[in-house]
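An overview of the molecular structure
Chain by chain, the residues run as shown.
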Amino acid sequence: MKPHPNAHLLREGSLPHMFCPGCGCGQIMNYFLYAVQDLKLDMDKLVLIGGVGCNARIPVFIKADAIHGVHGRTLAWATGVKMANPELTVVVFTGDGDCGSIGGNHFIHAARRNLDVTVLAINNGTFGMTGGQAAPTTPLEARTSTSPLGNIEPPFDFCKLAEAAGATYVSRWTTAHTKTSIESMKKAIQHKGFAFIEMISQCPTYYGRYVLRVSETLDNLNWLRNSSVTLKKAGQMDEKELEGKIIVGEFVEKHLPTLEERYIELERKAGE
Ligand code: SF4
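How each quantity is defined
Residues numbered from 1 in each chain as written. Predicted model: local features only at pLDDT ≥ 70, side-chain atom pairs only at ≥ 80, totals over all residues. Heavy atoms only, no water. Helix = DSSP H or I, 4+ residues; strand = E, 2+ residues; numbered from the N terminus. Rg over C-alpha atoms; globule rule 2.2 N^0.38 Å. Contact = heavy atoms within 4.5 Å. Areas by Shrake-Rupley, 256 points an atom, 1.4 Å probe, with all protein chains shown as cover. Lys, Arg positive; Asp, Glu negative; His and termini not counted. Charge placed at Lys NZ, Arg CZ, Asp CG, Glu CD. Salt bridge = Lys/Arg side-chain N within 4 Å of Asp/Glu carboxyl O. Buried < 20%, exposed > 50% of the residue type's maximum accessible area, 1.4 Å probe, protein only. Near = heavy atom within 4 Å. Nonpolar A, V, L, I, M, F, W, Y, C, P; charged D, E, K, R; others polar. Expected span 1.5 Å × (residues − 1). Patch = residues over 30% accessible without salt bridge, like charges linked within 9 Å, V, L, I, M, F, W, Y side chains within 5 Å. Axes fitted to C-alpha atoms, helices over the stretch in contact; angles between N-to-C directions. Parallel < 35°, antiparallel > 145°, perpendicular 65-115°, else oblique. Left-handed = near helix turned anticlockwise from the far one by under 90°.

1. Structural notes on the overall build of the chain
Along the chain, the regular secondary structure elements total 11 helices and 10 strands. Expected size for 272 residues packed as a compact globule is a radius of gyration near 19 Å; at 18 Å, the chain falls within 12% of this value. If one aligns the C-alpha atoms of the chain with their principal axes, the spans along those axes are about 65 × 45 × 35 Å. Within the chain, counting contacts between residues at least 6 apart in sequence, those at least 24 apart form 69% of the total. Of the accessible surface of the chain, which amounts to about 13,400 Å², a share of 55% is contributed by carbon and sulfur atoms. Looking at the chain, you have 28 positive and 28 negative side-chain charges, and the mean spots of the two groups are 2 Å apart.

2. Focus: the pattern of salt bridges
Scanning the entire structure with this criterion turns up 10 salt bridges. Lys187 is the salt-bridge partner of Glu250, the closest N and O atoms lying 3.1 Å from each other. With Glu250 in strand E10 (residues 246-253) and Lys187 in helix H6 (residues 178-190), this residue pair connects regions lying 63 residues apart in the sequence. Owing to a relative accessible area of 33%, Glu250 belongs among the partly exposed residues under this scheme. Across the pair Glu253 and Lys187 runs a salt bridge, and its minimum N-O distance is 3.4 Å. Linking Glu253 in strand E10 with Lys187 in helix H6, this pair joins segments that are 66 residues apart in sequence. Taking relative accessible area as the criterion, Glu253 reaches 44% and is therefore assigned partly exposed.

3. Details of the site of the ligand
Close contacts around the ligand come from Phe19, Cys20, Cys23, Cys54, Asn124, Gly128, Cys203, Pro204, Thr205 and Tyr206, and that covers them all. Here the shell around the ligand is built from residues that sort into seven nonpolar, three polar and no charged.

4. Let's talk about H6
Taking 1.5 Å of rise per residue, the 13 residues of H6 would be expected to cover 18 Å, and the 19 Å separating its terminal C-alpha atoms lies within 8% of that figure. For H6, the full list of buried residues reads Ser181, Ile182, Ser184, Met185, Lys186, Ala188 and Ile189. Looking at the buried positions of H6, the neighbouring elements they touch are helix H1 (24-39), strand E3 (89-95), strand E4 (118-123), strand E7 (169-174) and strand E8 (195-200).

5. Describing the environment of Glu87
Relative to the elements of secondary structure, Glu87 occurs in the loop between helix H2 (74-84) and E3. Classification of Glu87 as exposed rests on a relative accessible area of 58%. C-alpha of Glu87 to C-alpha of Lys45: the two residues are 42 residues apart in sequence and 7.4 Å apart in space.

6. With respect to a nonpolar patch on the surface
Taken together, the side chains of Met18, Val52 and Met129 define a hydrophobic patch exposed on the protein surface, amounting to about 230 Å² of accessible area. Among the structural elements, Met18 can be located in the segment before H1. According to the relative accessible area criterion, Met18 is partly exposed, its value standing at 33%.

7. Digging into the packing of H1 against H6
Between two packed helices, both the angle of their axes relative to each other and the distance between the axes serve to describe the pair. One way to put it is that H1 packs onto H6 with a least axis distance of 9 Å and a crossing angle of 55°. Comparing the axis directions of H1 and H6 gives the class oblique. Where H1 crosses over H6, the two elements pack in a sense that is right-handed. Across from Ile28, Tyr31, Phe32, Tyr34, Ala35, Asp38 and Leu39 in H1, the residues of H6 making contact are Thr178, Ser181, Ile182, Met185, Lys186, Ile189 and Gln190. Its residues placed into classes, the contact of H1 with H6 shows nine nonpolar, three polar and two charged.

Pasting the structure below:
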């Protein structure tokens, strides 16, 4: 088998990875490695932070400094790292459970402050690592291990939440969008400020089995492909047509002072 072109970016001792066959986490890690390679990032200045959940293991497999932290606190770690050394490139790998439930408060405040980090929020609509429970992004009426008769809680829209909280770059893609995901990751990493990408991903083991009721791993990916509509196309569709659709695209891109820049300015004023 031909070696992967970005295999040199992987931490040999940590492999093989622990993702189930067909899991979107592997694809997202792959897209991220392409983004890192294309940007020729200095690996000595790259810090990857993961919380708890299957996706949180991604930093463990990549040859950069990494923190595999506690549940929901990825953005607290990221704030500390970035404020201590603003020269570092900080990328957070977090899930819908990690970022949207227990870590929700850290998330909205990091966005409000415009902390200069990239957040890859991997949304598979369930708590995968712990057995497929309903998460804050699980669709209404979806059958999960904790909602066998259907989920009674409406999900929230991660991107709208990020935008309302103050994120200065916001986009959404699925694992079925290879090129745009890589390009968006490159843009987010280069963006000065809080860059948020929601990556809709497949969890064949739980979401596929319980919610989609499919057994073939490829059916999960096809479901993402067939359910997605671009922002432009969505603008021509009515509410009924958009039901159950995943709108993909870039929602926000603006430039405002970052928390680090404001802090450095404050230091300058204090020194006068
Ligand atoms: Fe991926 Fe789901 Fe398996 Fe976790 S449980 S590794 S999210 S397929």
